[in-house]
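Remarks on the overall topology
Now for the letters of each chain:
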Amino acid sequence: MDTIRTIGILTSGGDAPGMNAAIRAVVRSAIYYGCKVYGINRGYKGLIEEDLVEMNLSSVGDIIHRGGTILKSSRCEEFKTEEGRLQGVKILKKHNIDSLVIIGGDGSFIGAQKLSELGFPAIGIPGTIDNDLPYTDYTIGFDTAMNTIIDAIGKIRDTSSSHERVNIIEVMGRHCGDLALYAGLAGGAETIIVPEVDIKIDEICTKLKTTQKRGKRHSIIVLAEGVGNASDLGKEIIKKTSADLRITVLGHVQRGGSPTAFDRILASRMGARAVDLLLDGKSARVVGIKDNKIIDLEINEALSKTRSFDKDTYEMVKVLSI
Ligand SMILES: Nc1ncnc2c1ncn2[C@@H]1O[C@H](COP(=O)(O)OP(=O)(O)OP(=O)(O)O)[C@@H](O)[C@H]1O
Ligand SMILES: O=P(O)(O)OC[C@H]1O[C@](O)(CO)[C@@H](O)[C@@H]1O
Ligand SMILES: [Mg+2]
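Note that the coordinates shown come from a computational prediction; the quantities given were computed from them, not determined experimentally. (Residues numbered from 1 in each chain as written. Chains lettered and ligands numbered in written order. Predicted model: local features only at pLDDT ≥ 70, side-chain atom pairs only at ≥ 80, totals over all residues. Heavy atoms only, no water.)

What follows covers the site of ligand 2. The full set of residues close to ligand 2 is Arg75, Ile129, Asp130, Met172, Gly173, Arg174, Glu225, His252 and Arg255. Between an oxygen atom of ligand 2 and a side-chain N or O atom of His252, the distance comes to 2.9 Å. Mapping ligand 2 onto the cavity grids shows that it belongs to the largest pocket. Classifying every residue of the shell around ligand 2 by side-chain character gives two nonpolar, two polar and five charged. Both domains that meet at the shell around ligand 2, namely domain 1 (6-141 + 259-304) and domain 2 (143-256), each give it at least three residues. (Near = heavy atom within 4 Å. Polar contact = N/O pair within 3.5 Å; in protein donor to acceptor, adjacent residues only side chain to side chain. 1 Å grid on protein atoms, 1.4 Å probe; cavity = no way out; pocket = protein on both sides within 12 Å on 5 of 7 lines; lining within 4 Å. Sits in = over half its atoms within 2 Å of the grid points. Nonpolar A, V, L, I, M, F, W, Y, C, P; charged D, E, K, R; others polar. Domains from an automatic or database assignment.)

Moving on to the packing of helix 7 (residues 201-213) against helix 8 (residues 230-241). With their axes 10 Å apart at the nearest point, helix 7 and helix 8 run at an angle of 60° to one another. By the angle between their axes, helix 7 is oblique relative to helix 8. Our pair here, helix 7 against helix 8, has a crossing hand that is right-handed. Across from Ile201, Asp202, Ile204, Cys205, Leu208 and Lys209 in helix 7, the residues of helix 8 making contact are Leu233, Glu236, Ile237, Lys240 and Thr241. (Axes fitted to C-alpha atoms, helices over the stretch in contact; angles between N-to-C directions. Helix = DSSP H or I, 4+ residues; strand = E, 2+ residues; numbered from the N terminus. Parallel < 35°, antiparallel > 145°, perpendicular 65-115°, else oblique. Left-handed = near helix turned anticlockwise from the far one by under 90°. Contact = heavy atoms within 4.5 Å.)

On to the nonpolar core, then. Counting residues in hydrophobic clusters, the biggest one holds 73 residues, and the most contacted among them are Ile9, Val101, Leu233 and Ile237. Tallying contributions element by element places helix 9 (residues 261-279) first for this core, with eight residues. Lining this core are residues from two domains, each supplying at least three of them: domain 1 (6-141 + 259-304) and domain 2 (143-256). Ignoring any residue separated from it by four or fewer positions in sequence, one finds Val101 in contact with Ile7, Gly8, Ile9, Leu10, Val26, Ile123, Ile125, Ala274 and Leu278. Counting residues in hydrophobic clusters, the runner-up holds 26 residues, among them Leu52, Cys76, Ile91 and Ala122. (Core = buried A, V, L, I, M, F, W, Y, C linked by side-chain atoms within 4.5 Å. Buried < 20%, exposed > 50% of the residue type's maximum accessible area, 1.4 Å probe, protein only.)

Set out below in structure tokens:
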């Protein structure tokens, strides 16, 4: 346990279902091992503004099943500046906080990396629906968001089928196509469009025509937001096919809701590992999961990895959706 006695915890960037389960795991493990924990509200913004409160075992009661984050989240431009970060460190030191657990996505991890460069011990837990961190198989929230999308696809499929329509469903994920790919596969989408694979409008329209010819009454196109917007794509498809087409932009419904069992378990395991690392005197590391094993690695190494898209699954979907 050595020197670490007071841990700060915050959630940053877009919220993700399962963040609460991760907070619970960090707080409960840390207290179990005799540490004090401060919850910092509203991410890096709350840190700079000294919005923090000491947490106890009950602070994290009744939250494992709740979406969102009890600590709230934000995007904070000021933390991208050296002055902002130094102010953050000043607040942490004022409260004798000697290490920080940051639950967030790639942007939040850059914040954590820069904090580490200032000599402040930080550990990152990946919490984002986007699944866009290459060093880990899954980020907390991805599974829940994927299931939310699948649920929506099922409902849209019913009405698309009744009306023999094409429906484009635009999903989140920033520059990452994972949500579109796996939700599209599980939802039986006819076409999946992701930023990682170039697809021409003619290919999309040909697929529509061939599936219609063999009697399919509906067509679901899942579009990742990183490619472009559904409305522009819809106009192009109508020009070439005169399809009866509707658009659904799923939006922030994908960020909410009770986390799946997978996300709750993942978050709990990652939260506990983060505390273990701090107790072992480690810092500047991030937690992840590979082949169902919880892993940790240097934050610099994690951020330097490049994403490899699951092209095999993408190609398989093409075969299965003919
Ligand atoms: N280059 C940077 N230097 C310092 N801090 C950063 C940097 N980039 C991002 N951050 C901090 O992390 C916050 C969250 O980043 P961002 O908005 O990219 O979300 P994220 O953590 O990637 O999560 P998500 O993508 O799921 O919304 C930013 O608002 C900022 O405070
Ligand atoms: O909540 P905001 O700020 O509109 O951000 C939306 C973005 O955040 C995410 O939900 C998570 O990074 C993205 O998928 C999406 O592009
Ligand atoms: Mg991000």
